[in-house]
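Chain by chain, the residues:
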Amino acid sequence: MAKQDKKERKILAFTGGIAIAAFALNLIISAIHNNKQKNKNKSKKDIPGSNVRVNLTASEILKLADQVIAKSKEVYSAVASVSLDKVTYANVILPIAELEARQFPLVQSCVFQKMVAISEEVRKASAEAEKKIDDHILMCSKRDDVYRVIKAFTTKGEWINPEAERYVQCLVQDFERNGLNLSSSKREEVQRLRAQIDELSMRYIQNLNDDCTSLLFSEADLLGLPPKFIQSLDKANNGKLKINLRGQHVSPLLEHCKVGSTRKMVAIAYGRRCGETNLSLLENLVQRRHKLARLLGYSNYADYAVEPRMAKMSAKVFEFLENISISLTDLATKELAALKDLKKQEEGQSPFGMEDLLYYVKRAEQQKLDLDYGVVNQYFPISLVLSGIFKIFQDLFGLKFEEMADAEVWHNDVLCFSALDLSSSELLGYFYLDLYAREGKYDQTCVVSLQNGSLSSNGARQMPVALLLSHFQNEVDGSSRLLRFSEVVNLFHELGHVVHHICNRASFARFSGFHVDPDFVEIPSQVLENWCYESSTLKLMSGFHQDITKPVTDEMCSSLKKRRDSFSAIKLKQEILLCLLDQIIHSSENVDTMELLKHLHPKVMLGLPILEGTNPASSFPRLAIGYEATCYSRIWSEVFAADIFATKFQDGLVNPHVGMQFRNKVHEFYSTILWFRSTEQLKPCLHYMQVLAPGGSKEPIELLSDFLGREPSIQAYIDNKTKNSL
């Protein structure tokens, strides 16, 4: 989860190297040194205000999971026992809200260990605890007795503040999207359909995971691929080299192989994976999704999936995708013409096909960009990158980060920081950095919420706690670890999520952390990614590894930005094609995906036909699980982020006034207002909450409109693609 953008300002002459070098040495390098020293000291401390337990044994994890479940049952049963004529905020809503706030860090204490623990026994216990807790949560979502009591509260019309009202609406919506407002027979049908959907989804994914198809090629067939890649390939008995139809083989081959026939053979084979088997599964899967949606009162599954998101309706998604596609057509046409010319120069008159896109995009970039990533990557020691990011966030958002030298951690490499408001020194939250690879650790970069911020009924604030996980290689031969530029962007993005989590001031844990609209959750970090492509801020994060006073050059920064947006229109057309496929099959019944793609593919891809015998619907995991009817969301967040950056930040990369507006209006989804146990306590604060509460009562689209001073637009996104295209 996270992203950034910025335009260059004249804020650094030579300070990009020297000032940040001092900051790096004083903040991060000393922090790492202190961390090594502190691990010699056996007196570790829990973080003040954190209920996260970081070093549980396997048996303690399972015991805690049982305690969490028992407490949850106790509270839910107490709520369910309230007479329908005696329901109040204090005896129905508040107990559930406070349960969520208290229990979440305990649940995460059980669950996150499967991602980080050194002991295999602990990781297994964590996975077992997660399953038990998930099963319990599923059971709670089916409790008709709790739903009826909450529903009775909503009909009373008891006055509550906007955020609490939104919270109650979310509780009701969760139950009703699970069928609790239906008759018992229809509820049973909903559960049967959900079970069937889960089973079909897993079979679709399992088929792709189990597919071990490979193709054999001579070394001449693989001309252009790097020697290290060739050396890594297995050999068949006849001496030919084996290309597995997996991303780690297919992507480099389509990007580097000079032999057009090889590219085509691999692209076709890759697009035919699990052909008829998965197409049949998908057809059954989509039919059941539509049936589920109709049972729940929706006309189709896409409307059901999109309703709780910013887009609200499938029709809005279609409009959005079509507007983006049409707006990029002229640019994509120019890009495709340039790629076709390159192919004609290199391969003669053979027609340009989908198998050629990645290869000729790469060739065009090599010709037009003087960018050697091997050289660029020499400028990003991890300690310097971290200190630069911290400095940017300090200047932009008014944040101060301090290492918690005596905090208890689960591994010597882990650092723990507090985040404070720079002007008031108010504590805002904590975060852990677990950046380096080790055996058994989760191998992707991500941010995990360990404790959500919230406000208790007595006015005490629970501190947010986040964990950033990555899989960087640790020091080699005493040398500081250098990050690839793509890793720098990824780290900046994820630390943006950390800031988002910590600056969120919601009263309810339900609205804190990453429990926000899925169409919105990536927008703040997408905005922030832009800082990695602006010279003034990129210099704050860089320094040549042998002399950190020398940051990346302006020419490198310019090339990195051009590389990011090169041929972006034609690449985006490919993504829009898949998003439209996803939206169409989940909006209409009995769609023949092959016939659909024969029509849709050349229309979106400017005349390029689909590869013979291929069908993306058979090998597109997002259609099966996690993103069904919502594949558009990544483009959606990028478009809104581009508008925010261009409108508010482009001419002031570290403008603290705009940064604080962004922090307060965008990150603070819900304003800081107290919960109350009775309506009598609420009445004296009515005027107070009319000033502070609007953020909690607004949809994300309204919050963005308030921040921008108008409705969001796609134009900045289109302009940016056009301006920076090669």
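For clarity, every value in this text was computed on a predicted model and none was experimentally measured.

### Structural notes on the overall build of the protein chain
Looking only at helices and strands, the protein chain features 32 helices and 11 strands. Considering the protein chain as a whole, with its 726 residues, one finds that 55% of them fall into the buried category. Put simply, of all contacts in the protein chain between residues at least 6 apart along the chain, 78% involve residues at least 24 apart. Surface exposure of the protein chain reaches about 31000 Å², of which carbon and sulfur atoms provide 51%.

### Let's talk about unusual backbone geometry
In this model, Lys-312 sits at a positive phi of 70°, which is unusual for a non-glycine residue. By the secondary structure assignment, Lys-312 is in the loop between helix 13 (301-306) and helix 14 (314-327). According to the relative accessible area criterion, Lys-312 is partly exposed, its value standing at 33%. One non-glycine residue, Ser-425, adopts positive backbone phi at about 65°.

### Here's the deal with the sheet that holds strand 10 (residues 465-472)
Spatial ordering of the open sheet is given by 4-5-6-10-7, a layout of 5 strands whose pairing is mixed. Both outer strands of the open sheet, strand 4 (399-403) and strand 7 (446-451), are each paired with one neighbouring strand and no more. Across this sheet, the average inter-strand angle for adjacent strands is 25°, counted without regard to direction. Seen against the sheet, helix 18 (residues 382-397) touches strand 4, strand 5 (415-421), strand 6 (427-436) and strand 10 and runs at an angle of roughly 160° to strand 6.

### A closer look at the pairing of strand 2 (residues 214-217)
Burial along strand 2 is one-sided: the residues Leu-215 and Phe-217 are buried and none of Ser-214 and Leu-216 is. Two strands pair when backbone bridges link them, and strand 2 and strand 3 (residues 241-244) are joined in this way by 4 bridges, in the antiparallel orientation. Paired with Ser-214 across the strands is Asn-244, a residue of strand 3.

### Considerations on helix 24 (residues 593-604)
An ideal rise of 1.5 Å per residue puts 16 Å on 12 residues; helix 24 measures up with 15 Å between its terminal C-alpha atoms. The complete set of buried residues in helix 24 reads Thr-593, Leu-596, Leu-597, Leu-600, His-601 and Val-604. Viewed along the axis of helix 24, the buried residues span an arc of 115°, placing them on a single side of the element. Of the exposed residues in helix 24, those oriented more than 90 degrees away from the buried face are His-599 and Lys-603. Of the surrounding elements, those touching the buried residues of helix 24 are helix 12 (275-295), helix 14 and helix 23 (568-585). Where helix 24 begins, the capping side chain belongs to Asp-592, and its oxygen is found 3.1 Å from the backbone nitrogen of Met-594. In the segment just after helix 24, Leu-606 is the residue with positive phi, at about 60°.

### Considering the nonpolar core
In terms of nonpolar packing, the biggest core is built from 160 residues, with Phe-380, Phe-393, Leu-433, Leu-491, Leu-495, Trp-531 and Phe-649 touching the most fellow members. Phe-380 has contacts with Val-385, Arg-481, Leu-482, Leu-483, Phe-485, Val-488, Leu-538, Met-541, Ser-542, Gly-543 and Val-552, leaving out every residue within four places of it along the chain. Counting 32 residues, the second largest nonpolar core, distinct from the first, contains Val-79, Val-146, Leu-171 and Phe-175.

### A few points about the environment of Glu-276
Structurally, Glu-276 can be placed in helix 12. Considered as a pair, Glu-276 and Ser-618 are 342 residues apart in the sequence and their alpha carbons are 7.4 Å apart.

### Description of the confidence of the model for the protein chain
Here the protein chain shows a mean pLDDT of 88. Residues at 70 or above account for 88%. The least confident element of the protein chain, judged by mean pLDDT, is helix 29 (residues 686-692) at 26; the most confident is helix 2 (residues 58-80) at 98. Predicted confidence is poor over residues 2-42, with pLDDT under 50, and the contacts of this stretch with residues over four places away or in other chains come to 126 contacts. A low-confidence stretch, residues 667-697 stays under pLDDT 50, and its non-local contacts, those more than four residues away or across chains, total 77 contacts.

### Considerations on the packing of aromatic side chains
Counted by the stated rule, this structure contains 29 aromatic pairs. When the centroid spacing of 4.5 Å and the interplanar angle of 15° are considered together, the rings of Tyr-167 and Phe-508 count as stacked. With a gap of 341 residues between them, Tyr-167 in helix 7 (residues 162-177) and Phe-508 in the loop between helix 19 (485-503) and helix 20 (523-528) connect regions that are remote in the sequence. Across the pair, exposure class does not vary: Tyr-167 and Phe-508 are buried alike. Of the aromatic side chains, those joined through ring pairs into one cluster are Phe-393, Phe-397, Phe-492, Trp-531, Phe-645, Phe-649, Phe-662 and Phe-707. Geometry around Tyr-304 places Arg-177 over its ring, the cationic atom sitting 3.9 Å from the centre. Over the aromatic face of Tyr-270 sits the side chain of Arg-273, whose NZ or CZ is 3.8 Å from the ring centroid.

### Description of the environment of Pro-621
Relative to the assigned elements, Pro-621 resides in helix 25 (residues 621-624). The exposure class assigned to Pro-621 is partly exposed, which follows from its relative accessible area of 39%. With 416 residues separating them along the chain, Pro-621 and Ile-205 place their C-alpha atoms 6.4 Å apart.

What counts, and at which threshold
- Residue numbering note: each chain is counted from 1, following its sequence as written.
- Owing to the predicted nature of the model, reporting of local features is limited to residues with pLDDT of at least 70; listing and counting of side-chain atom pairs is limited to 80 or more, with chain, interface and lining totals taken over all residues.
- Heavy atoms from the whole structure form the basis of all side-chain values; hydrogens and water molecules are not counted.
- Strands here mean DSSP runs of E at least two residues long; helices mean DSSP runs of H or I at least four residues long; both are numbered from the N terminus.
- Per-residue accessibility, obtained with a 1.4 Å probe over protein chains only, is compared with the maximum for each type, and a residue is labelled buried under 20%, exposed over 50%, and partly exposed between these values.
- Contacts between residues were defined by any pair of non-hydrogen atoms, one from each residue, lying within 4.5 Å.
- Methods summary: accessible areas were calculated by the Shrake-Rupley approach with a probe of 1.4 Å, and residue burial reflects only the protein chains presented.
- A pair of strands is considered paired only if DSSP assigns at least 2 bridges between the two.
- Orientation is described by axes fitted as lines to C-alpha atoms, over the contacting stretch for helices, and by angles from 0 to 180 degrees between their N-to-C directions.
- Each helix should span, by expectation, one fewer than its residue count multiplied by 1.5 Å.
- The directions considered for the arc run from the helix axis to the C-beta atoms.
- Any N or O atom pair separated by 3.5 Å or less is treated as a polar contact, with the protein-specific requirement of one donor-capable and one acceptor-capable atom, and with residues adjacent in sequence counted only for side-chain atom pairs.
- Definition of nonpolar core: a set of buried residues of the types Ala, Val, Leu, Ile, Met, Phe, Trp, Tyr and Cys, connected through side-chain atoms within 4.5 Å.
- pLDDT expresses how confident the predictor is about each individual residue, on a scale running from 0 to 100.
- Stacked, tilted and edge-to-face are the three classes applied to pairs of Phe, Tyr and Trp rings, where Trp contributes its six-membered ring and a pair requires centres within 6.5 Å; stacked means planes under 30 degrees apart, edge-to-face means over 60, and tilted covers the rest.
- Whether a charge lies above a ring is judged from NZ of Lys or CZ of Arg, which has to be within 6 Å of the ring centre and within 35 degrees of the ring normal.

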